[in-house]
Amino acid sequence: MTRAVVFAYSEVGVRCVRELLLQGVQIPLLFTHADDPHESQWFGSVRQLAEKHGVQAVTPDSPNTDQWIAAGRAAQPDFVFSFYYRYMLGKAWLTLPALGALNIHGSLLPKYRGRAPVHWAIIHGETVTGASLHYMVEKPDAGALVDQESVPILPNDNALQVSVKVAAAAEQVLRRSLPRLIAGTAEMRPLDLAQGSYFGRRSPEDGRIDWRLGAGAVHDLVRAVAPPFPGAFTEVSGQRIAILETRLDSQGAKYPGSQPCLYTQDGDWYVDCADGRRLKILQLAVNGVPVAHNGVPPALRQQPLVLGRGATENPETG
């Protein structure tokens, strides 16, 4: 029987661990993460799945200690798999399994290597992304590619919707590749990293809107960080205004010369953007309080509310 030590978290982790079990792979040791009470849990629980199937699941602060590497070696795995596990695995893990160490990454490698690939792809206006299965090396997301599956990013898709698509693609990639990996017949090709890109971790502050951007770029940021992720925001006169869902509007700016500015029209909220196009705002909140249709909180009664090119005195591009 094929044996694998697995590192897994999030929806990709749940789906891929389930697929290993369905294909009869024995998992003597599974690493996952303890759920963060401050994080929105939109995905399933790897730990609960493991418990249901009698798989030992552990949540160490680091898997790269002598203790855990010895435990992994004692498990005698044919493979090490990493499915959206959040820690980098040290070289000892990569050389430990008999048949290789592989990772699922949420992009079409070599594009969007690194952290938060779905979010970065949406921010950059991509119309397609996907899931890639590749061998792990010490450099992140740089090992030879085994297989990948693309998914569309529609114009109004947010990061949650795309993440679910990517998780389904990851499951499909593993389903068709695993038999070939076990049989030793899986093909692989080196990644040309010069044709790709690497991006770092994002933080909630990266959702700050830079109003020097055009409507399309603002819309892409809004949907890339929309709830359950931290959300896009701006600050005006000491008020934090969260813009959580938008649509590109067919009409041009209502207040040319005053853009970027925020205002109501027929009970709906709009932003005239720096490029003369405007966005319709479907979800808006002020200081954490949602603004209802036709609602005008005191902080927004001045209309149009000029936002300023960078939204703050020290604008940052999100």
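Going by the structure above, here's the rest.
In short, a report on the structure. (Residues numbered from 1 in each chain as written. Predicted model: local features only at pLDDT ≥ 70, side-chain atom pairs only at ≥ 80, totals over all residues. Heavy atoms only, no water.)

Examining the nonpolar core
No. 1: Grouped together as the largest cluster of nonpolar side chains are 67 residues, with contacts concentrated most on V6, L20, F81, F83, I241, I243 and L262.
No. 2: The element best represented in this core is helix 6 (residues 159-183), accounting for 10 residues.
No. 3: Counting 16 residues, the second-largest nonpolar core is a separate cluster that includes V58, W68, L89 and W93. (Core = buried A, V, L, I, M, F, W, Y, C linked by side-chain atoms within 4.5 Å. Buried < 20%, exposed > 50% of the residue type's maximum accessible area, 1.4 Å probe, protein only. Helix = DSSP H or I, 4+ residues; strand = E, 2+ residues; numbered from the N terminus.)

Things to note about the sheet that holds strand 1 (residues 3-8)
No. 1: Strands sit in the order 3-2-1-4-5-7-8 across an open sheet of 7 strands; the sheet is mixed. The outermost strands of the open sheet, each flanked by one partner alone, are strand 3 (57-58) and strand 8 (145-152).
No. 2: With 5 bridges connecting them, strand 1 and strand 4 (residues 79-83) associate as parallel partners. When the sheet's bridge partners are listed, A8 is paired in strand 4 with F83.
No. 3: This element, helix 3 (residues 66-74), spans strand 1, strand 2 (26-31) and strand 3 of the sheet and lies at about 170° to strand 2.
No. 4: This element, helix 6, spans strand 4, strand 5 (101-105), strand 7 (128-135) and strand 8 of the sheet and lies at about 150° to strand 8. (Pairing = 2+ DSSP bridges. Contact = heavy atoms within 4.5 Å. Axes fitted to C-alpha atoms, helices over the stretch in contact; angles between N-to-C directions.)

So, the packing of aromatic side chains
No. 1: Enumeration over the complete set of coordinates arrives at 15 aromatic pairs.
No. 2: With a centroid separation of 5.5 Å and 15° between ring planes, the pair formed by F81 and F83 is classed as stacked. The residues F81 and F83 share a single accessibility class, namely buried.
No. 3: Linked through ring pairs, F7, F31, W68, Y85, Y87 and W93 together constitute an aromatic cluster.
No. 4: Over the ring of W120 we find R202; its NZ or CZ atom is 4.6 Å from the centre of that ring. (Phe/Tyr/Trp six-rings, centres within 6.5 Å; stacked < 30°, edge-to-face > 60°. Lys NZ or Arg CZ within 6 Å of the ring centre and 35° of its normal.)

Remarks on the side chain of D272
No. 1: As for its placement among the helices and strands, D272 is situated in strand 13 (residues 268-272).
No. 2: Although D272 lies buried, it forms no salt bridge, and the closest oppositely charged side chain, R278, sits 5.0 Å away as judged by the N-O distance.
No. 3: A distance of 2.6 Å separates a polar atom in the side chain of D272 from a polar atom in the side chain of Y263.
No. 4: Beyond its immediate sequence surroundings of up to four residues, D272 is in contact with A253, K254, Y255, Q259, P260, C261, Y263, R277 and R278. (Lys, Arg positive; Asp, Glu negative; His and termini not counted. Salt bridge = Lys/Arg side-chain N within 4 Å of Asp/Glu carboxyl O. Polar contact = N/O pair within 3.5 Å; in protein donor to acceptor, adjacent residues only side chain to side chain.)

Describing unusual backbone geometry
Leaving glycine out, the prevailing phi sign among residues is negative, and the prevailing peptide bond configuration is trans.
No. 1: Of note, the amide linkage connecting L109 to P110 takes the cis form, showing an omega dihedral of 15°.
No. 2: Tracing the chain through its elements places P110 in the loop between strand 5 and strand 6 (113-114).
No. 3: Cis rather than trans, the peptide bond between Q303 and P304 has omega equal to -5°.
No. 4: Here P304 is to be found in the loop between strand 15 (289-290) and strand 16 (305-306).

Observations regarding the environment of G130
No. 1: With respect to the helices, strands and loops of the structure, G130 is situated in strand 7.
No. 2: By relative accessible area, which is 0% here, G130 ends up buried.
No. 3: In the structure, G130 is positioned 68 residues away from S62 in sequence and 28 Å away in space, judged by C-alpha atoms.
No. 4: When sequence neighbours within four positions are dropped, the list of residues in contact with G130 reads H105, G106, S107, L108, E149, S150, V151 and V166.

Some words on helix 7 (residues 215-224)
No. 1: With respect to burial, helix 7 is a largely interior element, 9 of its 10 residues being buried.
No. 2: Those residues of helix 7 not exposed but buried are A215, G216, V218, H219, D220, L221, V222, R223 and A224.
No. 3: The secondary structure elements touched by the buried residues of helix 7 are helix 5 (117-123), helix 6, strand 10 (232-236), strand 11 (239-252) and strand 14 (277-286).

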